Amino acid sequence: MAESGTHLDGIDDASLAREAAEGDQRAFAALVSRHKAAVLHLVSRFCDDPDGMEDLAQEVFVKAYLNLGALRNGAVFRGWLHRIAANTCIDWLRRRKAEAGLVDGLEEGLADERDMERLEAREARRRLESAMTTVLGQKDRTLVILLGLEGKSVEEVAAITGLSRVNVKVRAFRARRKLRAFLEKDYA
C-alpha cells in the first residue's frame, strides 16, 4: 500500500492499479493524473469539441475504475486503458451517428479571411473522417487512428486491439489504400 498521496508518483502503474482495485482512491487519482494527457490526446482524434473530449476522457476513466478488478496484470495498465479509450470513442461515434443520422450540422456563421486556413483544415479533417466512416469498418478505423494519427507503434496497436502484428500491418495497409482511392476519386 502506498504510504501517502505525495509519494505515489514513484510507484509503477501495476502497483497503483492493484491498490486502486483494492479501493485506494489516491492510487487511482495518481493513475488518472499520470495518463490523462495521453487519454485526452487519443480522444481528440475522435472528437474536436473540448467539452466533448473532457466528457469522453471522464467516461474512459469511469469505465477503467469500474473494471479495475478485471485487469489481471497491472503492468499492462497503459495498453488496457488505451483499449478502453478507443472502444469508448468508437461507442461515442456510434451514438453520435445514430443521433445525427448521416447528415452533419452546418457550420455556424461565416468565416472571414483569417479563419480560412482553419476552415480548410477543418474541412480536410471532416472529409477524412467522412471517408473513414464511409469506407472503413470499425476495426480498420481504429487501426488508422492509432497508427496514423496517434503515432502508436505496430506492437502497441497489436496489444491494444488484440490483433497480431502482421494482421495490424496488413489491415492498416489495406485500410489506407481504400481511403486513398476513395479520397482521390471523390475529392480530387
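Shown above is the structure to which this text applies.
The rules behind these values
- Residues numbered from 1 in each chain as written.
- Predicted model: local features only at pLDDT ≥ 70, side-chain atom pairs only at ≥ 80, totals over all residues.
- Heavy atoms only, no water.
- Patch = residues over 30% accessible without salt bridge, like charges linked within 9 Å, V, L, I, M, F, W, Y side chains within 5 Å.
- Areas by Shrake-Rupley, 256 points an atom, 1.4 Å probe, with all protein chains shown as cover.
- Salt bridge = Lys/Arg side-chain N within 4 Å of Asp/Glu carboxyl O.
- Lys, Arg positive; Asp, Glu negative; His and termini not counted.
- Charge placed at Lys NZ, Arg CZ, Asp CG, Glu CD.
- Helix = DSSP H or I, 4+ residues; strand = E, 2+ residues; numbered from the N terminus.
- Buried < 20%, exposed > 50% of the residue type's maximum accessible area, 1.4 Å probe, protein only.
- Core = buried A, V, L, I, M, F, W, Y, C linked by side-chain atoms within 4.5 Å.
- Contact = heavy atoms within 4.5 Å.

Details of a positive patch on the surface
A surface patch of like charges, here positive, comprises R174, R176, R177, K178 and R180. The residue R174 is located in helix α8 (residues 165-187) in this model. Overall, the relative accessible area of 48% leaves R174 in the partly exposed class.

Some words on the pattern of salt bridges
Pairs can form between side chains of opposite charge once their charged atoms are near each other. According to the stated counting rule, one finds eight salt bridges in the structure shown. Among the salt bridges present, the one from K63 reaches E59, with a minimum N-O distance of 3.5 Å. You can see K63 and its partner E59 sitting in helix α3 (residues 50-66), four residues apart, about one turn around the helix. What makes K63 partly exposed here is its relative accessible area of 26%. Its salt-bridge partner being E155, residue R165 comes within 3.1 Å of it at the nearest N-O pair. Placement of the pair is R165 in helix α8 and E155 in helix α7 (residues 154-161), with a sequence separation of ten residues. Among the charged side chains, a network of salt bridges with common partners joins E59, K63 and D91.

So, the nonpolar core
A general feature of soluble globular proteins is that nonpolar side chains tend to end up buried together. L31, V39, L68, F77, W80, L81 and V168 are the most contacted members of the largest nonpolar core, which totals 47 residues. Those elements that provide at least two residues to this core are α1 (13-21), α2 (25-44), α3, α4 (77-100), α5 (116-135), α6 (138-149), α7 and α8. The leading source of residues in this core is α4, at eight residues. Excluding its chain neighbours within four sequence positions, the residues that come into contact with V39 are A57, V60, F61 and L81.

Points about a nonpolar patch on the surface
Side chains of V62, Y65 and L66 sit close together on the surface and give an oily, nonpolar patch of about 280 Å² of accessible area. Of note, L66 is situated in helix α3. Note on L66: relative accessible area 65%, which makes it exposed.

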